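Here's the letter readout for the chains.
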Amino acid sequence: MDAATPMEAGPRAFERLRARVSTADMAAAGAFAVALIVYVRTLLPGVSFGDWAEAEMIPARLGILHPTGYPLYSLLGTAFSLIPVGSVAYRANLLSAVAAAGAIAMLVLIAVRLGVRPLIAFAAALALAFTGTIWQEATFSEMNGLHLFIVALLLHRALVWREERRDRDLLLGALLGGLCVSNHGLAITVVPIVVLFVLVDARREIRARPGLLVKAGAALAVGLLPYLYLPLRALAGPAEIYGPFLTLEGLFAHISGAQFRGDMHFTSMESVQAAWAALPQVSDHVLALSNPVFVVLGFFGIALLVLSDRWFGWLLVLLGVVNVYFYANYLGDLSHYLLTSWLILGIGLAYAGETLVAMVVQRGGPRLSSVVYAILILPVVLLAQNWATHDQSANHDGERFTAEVFAALPQDAVLVTYWDALTPLSYKHCIEGVRPDLSLRAYDEKALVTCDPVERPLIDVARRRPVFALLVNDGTIEKQTGLVPVPVQDLTLPWGQRYPQLERSLYRLVPPDQAP
């Protein structure tokens, strides 16, 4: 046989590649691309506040994030901080966009595994992409988009295992479970449930080959290896900041979120009542950030799945119930804690869309098959509906806030401030080198987001350097510091939100014997 010429080899190679790439893969890639383009176009360009600013700063400095540590996100954030595009904050925000777009792509593959046409799966995935919570998490830095991506990967791998029964899929699923835990504490509301369902489904294989369970356990343990980053980072010091991570007690307290346990209420009858009482609020929340079509079809699709695919349908129902229960009994206002529920509704939407289209075609004949394109209207409507709210491309609140605070501080000043303000100020000061003469100091000295040595006691520092305080709860400054607060100017401060909203004073702190 004659060898193919270069002109012939190119098209043949393309045909072979196209044969290997399924329509589902192309639909997933298309959903990823469209979602990512929208997310990047609407991405926050700079620094944010609070936890979001911390997530922009700490991975770039190879630090340790607040409990539970989020080591997988930290390591990926460090890698993204090296990408030569935009500011370090922009790169951290970009990680969220990529992860969220990845979750959207995985929804396509999950839906196709359930028998949904790729075009319907594509439309349902983009509808999810343009709902409020997903879009918001995709434009700000934090580990929530990555959590959703890994959850979607885990659910997809569970479906692949069920259909193809390959050992490698079981082991890959176990690895994903470990990585999910390494990324976010919310994994405890997902991974054990998926593991339980898969173990029930794999009981024959495990009975026949018990070693398979051992291998899966080893794969899970490999997924937990990112946690080694915490003690290894602590070894590099300084000890006054990272010393607690060098003891098992301190390390476990951080990983388990011990300081937040007072806000967690999961084991009482009141917690069940709280979850039940939260259902109307959750429904209103979902409706406000999507639309009635998305919600109704999402729930309808899950109901159909329970009837037609009991294993996966009940898996989704249990995941959703646990997700809402956890959301309601931990603070009850963290909308990103409902990301798993949003993913479940997206799967339900795709399944409902497939069912409705199949019914129309069955009754009206093949000539009505073009009705499938009608579902593309939903993501377009959601895109138009939510664009203005979630377009962060012109949001420079963080830059304005930090510039205003720095302008108010004299040369060589020390600023004592709280978390939501400290994180953007520390990002600008420590990452971008703004005002190197200043020293930023956390009001809560457990905060790990300062790069300046802490001088003690503060009353002695105030005799050598100008000391200022910027706090929301400013009524206890004198009691806590032993210094007299003297108002300097009013500023608008952030408090638990992604924007400043509270008017408070910047105070100069002076020793009592120097007070005016």
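Before reading further, recall that the structure is shown in the block above.
Residues numbered from 1 in each chain as written. Predicted model: local features only at pLDDT ≥ 70, side-chain atom pairs only at ≥ 80, totals over all residues. Heavy atoms only, no water.

Caption draft 1: Representation of the pairing of strand S4 (residues 484–494) within the structure. Relative to strand S5 (residues 500–510), S4 runs antiparallel, the two being bridged by 10 bridges. Along S5, the bridge assignment pairs Pro487 with Tyr507. Here S4 folds back onto S5 in antiparallel fashion, the turn holding 5 residues, of which Gly496 has a positive phi close to 75 degrees. (Pairing = 2+ DSSP bridges. Helix = DSSP H or I, 4+ residues; strand = E, 2+ residues; numbered from the N terminus.)

Caption draft 2: Examining the state of the cysteines more closely. In total, this model carries 1 disulfide according to the counting rule given. The disulfide partner of Cys430 is Cys451, and the S-S distance across this bridge is 2.1 Å. Residues Cys430 and Cys451 share a disulfide whose torsion about the S-S bond is about -90 degrees; that sign makes it left-handed. Of this pair, Cys430 sits in helix H22 (residues 419–431) while Cys451 sits in the loop between strand S2 (439–442) and helix H23 (458–464), and the two are 21 residues apart along the sequence. A relative accessible area of 17% means that Cys430 is categorised as buried. Taking the relative accessible area as the measure of exposure, Cys451 reaches 29% and is therefore partly exposed. (Disulfide = S-S within 2.5 Å. Buried < 20%, exposed > 50% of the residue type's maximum accessible area, 1.4 Å probe, protein only.)

Caption draft 3: Fine view of the pairing of S2. Because side chains alternate across S2, one face comprises the buried residues Ser439 and Arg441, and the other comprises Leu440 and Ala442, equally buried. Regarding the hand of the β-α-β motif, the stretch spanning strand S1 (residues 414–417), H22 and S2 is right-handed. (Right-handed = clockwise from strand over helix to strand, strands pointing away.)

Caption draft 4: Spatial organisation of the packing of helix H8 (residues 144–164) against helix H18 (residues 310–329). Following both chains from N to C, one finds H8 and H18 inclined at 160 degrees, their axes separated by 12 Å at the closest point. Here H18 runs roughly antiparallel to H8, going by the angle between their axes. Every pair of crossing elements has a handedness; the one defined by H8 and H18 is right-handed. Contacts from Leu155, Ala158, Leu159 and Arg162 of H8 reach H18 at Trp311, Phe312, Leu315, Leu316 and Leu319. Partitioning the contact of H8 with H18 into residue classes produces 8 nonpolar, no polar and 1 charged. (Axes fitted to C-alpha atoms, helices over the stretch in contact; angles between N-to-C directions. Parallel < 35°, antiparallel > 145°, perpendicular 65-115°, else oblique. Left-handed = near helix turned anticlockwise from the far one by under 90°. Contact = heavy atoms within 4.5 Å. Nonpolar A, V, L, I, M, F, W, Y, C, P; charged D, E, K, R; others polar.)

Caption draft 5: Geometry of helix H12 (residues 211–223). With 13 residues, H12 ought to run about 18 Å at 1.5 Å a step, and its terminal C-alpha atoms sit 19 Å apart, in line with that. When we look at burial in H12, the residues that qualify are Leu212, Ala216, Ala219 and Gly223. Buried positions in H12, seen along its axis, are confined to an arc of 60 degrees and lie on one side of it. Contacts made by the buried residues of H12 are with helix H9 (167–183) and helix H11 (203–208). (Expected span 1.5 Å × (residues − 1). Arc of directions from axis to C-beta.)

Caption draft 6: Fine view of the packing of H8 against helix H19 (residues 339–364). At a closest axis distance of 10 Å, the pairing of H8 and H19 adopts a crossing angle of 45 degrees. Here H19 runs oblique to H8, going by the angle between their axes. In this structure, the crossing between H8 and H19 has a hand that is right-handed. Each of Asn144, His147, Leu148, Val151, Ala152 and Leu155 in H8 lies in contact with H19, whose residues at this interface are Leu339, Thr340, Leu343 and Ile347.

Caption draft 7: Quick peek at unusual backbone geometry. Cis rather than trans, the peptide bond between Pro67 and Thr68 has omega equal to 20 degrees. Within the secondary structure, Thr68 sits in the loop between helix H3 (50–57) and helix H4 (71–80). At the junction of Arg456 and Pro457, the peptide bond is cis and its omega measures out at -15 degrees in the coordinates. Structurally, the position occupied by Pro457 is in the loop between S2 and H23. Although it is not a glycine, Arg165 adopts a positive phi angle of roughly 55 degrees. Looking at the secondary structure, you find Arg165 in the loop between H8 and H9. On the basis of relative accessible area, Arg165 is assigned to the partly exposed category, the value being 28%. The backbone of Arg435 shows a phi angle near 50 degrees, a positive value even though the residue is not glycine.

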